[in-house]
Amino acid sequence: METTSKNSTAAIINLSTLSQYFIPFGNFIFPIIIWSTNKDKSDYVNEQGKETINFQLSLFLYSLVLAMIAIPTLLIIFFKNINFSAVTDWDNIVFEDFNFENNGGLLTVAILAIVAFGFLKIAEFFLIIYASVKTSNGEPFKYPFNIRFLK
């Protein structure tokens, strides 16, 4: 494979992960398709494709962990503060005595998980752009905090 072609292919694999903003799971589908069709043509494309897919899988795992922290915590806080015995008419549910007075620690944990998820998505966007520029110049790029699923 020609040098400019392999650099462009590696950059396209990285940029194809941005399709997640338009197509659900596009960040997995398109990089895998591009990588699998070109991995035998160049070692550079093979390594960068694995790196990109590993990064997306790692972010998915980190996002799941943060969701498993935030969602149950918020549900616990919510249902802990509802008095279901006072509900007689399900059309007019009134939240009396709904406060966060005794749930400061749980609420802090949930908010931290949500903020961490936000920073994770922002970092992902900029790292993808940075990796695309590096790989288009022919420089190998290693994503930080990447779990090696594909070796």
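Residues numbered from 1 in each chain as written. Predicted model: local features only at pLDDT ≥ 70, side-chain atom pairs only at ≥ 80, totals over all residues. Heavy atoms only, no water.

### Observations concerning the overall build of the chain
A tally of regular secondary structure across the chain gives four helices and zero strands. Each helix and strand of the chain, placed in order from N terminus to C terminus, yields the pattern α-α-α-α. Taking all 151 residues of the chain together, the buried fraction comes to 34%. For the chain, contacts bridging at least 24 residues in sequence account for 69% of all contacts bridging at least 6. On the chain, roughly 9,400 Å² of surface is accessible, and the fraction owed to carbon and sulfur atoms is 68%. (Helix = DSSP H or I, 4+ residues; strand = E, 2+ residues; numbered from the N terminus. Buried < 20%, exposed > 50% of the residue type's maximum accessible area, 1.4 Å probe, protein only. Contact = heavy atoms within 4.5 Å. Areas by Shrake-Rupley, 256 points an atom, 1.4 Å probe, with all protein chains shown as cover.)

### Quick word on the packing of aromatic side chains
Inspection of every chain in the model, using the stated rule, returns seven aromatic pairs. Ring geometry for Tyr21 and Phe125: centres 6.4 Å apart, planes at 65°, overall edge-to-face. Highlighted residues: Tyr21 in the loop between α1 (3-15) and α2 (26-38) and Phe125 in helix α4 (residues 104-136), separated in sequence by 104 residues. With a centroid separation of 4.0 Å and an interplanar angle of 5°, the aromatic rings of Phe55 and Tyr143 are classed as stacked. Residue Phe55 is found in helix α3 (residues 43-80), and its partner Tyr143 is found in the segment after α4; the two are separated by 88 residues along the sequence. (Phe/Tyr/Trp six-rings, centres within 6.5 Å; stacked < 30°, edge-to-face > 60°.)

### Re unusual backbone geometry
Residues other than glycine seldom take positive phi values, yet Phe25 does so here, at roughly 60°. Here the phi dihedral of Phe145 falls at roughly 55°; this positive angle occurs in a residue that is not glycine.

### Considering the pattern of salt bridges
Evaluated as defined, the whole model comprises four salt bridges. For the salt bridge of Lys121 with Glu124, the shortest nitrogen-to-oxygen distance reads 2.8 Å. On the criterion of helical spacing, the pair formed by Lys121 and Glu124 is a turn pair, its members being three residues apart in helix α4. Between Glu139 and Lys134 there is a salt bridge, with the nearest N and O atoms lying 2.8 Å from each other. (Salt bridge = Lys/Arg side-chain N within 4 Å of Asp/Glu carboxyl O.)

### Concerning α2
With 13 residues, α2 should reach 18 Å at 1.5 Å per residue; the first-to-last C-alpha distance of 18 Å fits that figure. Within α2, burial applies to Gly26, Asn27, Phe28, Pro31, Trp35 and Asn38. Where the residues of α2 are buried, they touch α1 and α3. (Expected span 1.5 Å × (residues − 1).)

### Remarks on the nonpolar core
Counting eleven residues, the largest nonpolar core is built from Leu18, Phe55, Leu59, Leu66, Ala70, Ala113, Leu120, Ile128, Ala131, Phe141 and Tyr143. Among the secondary structure elements, those contributing two or more residues to this core are α3 and α4. Residues within four places of Leu18 in sequence aside, it is in contact with Phe125, Ile128 and Ile129. (Core = buried A, V, L, I, M, F, W, Y, C linked by side-chain atoms within 4.5 Å.)

### Some points on the packing of α1 against α3
A pair of packed helices is captured by two measures, namely the crossing angle of their axes and the spacing between those axes. Where α1 contacts α3, the two axes come as close as 9 Å, and the packing angle between them is 10°. In terms of orientation, α1 and α3 fall into the roughly parallel class. Residue-level contacts link Lys6, Asn7, Thr9, Ala10, Ile13 and Asn14 of α1 to Tyr44, Val45, Gln48, Gly49 and Thr52 of α3. Residues belonging to the contact of α1 with α3 are distributed by class as follows: four nonpolar, six polar and one charged. (Axes fitted to C-alpha atoms, helices over the stretch in contact; angles between N-to-C directions. Parallel < 35°, antiparallel > 145°, perpendicular 65-115°, else oblique. Nonpolar A, V, L, I, M, F, W, Y, C, P; charged D, E, K, R; others polar.)

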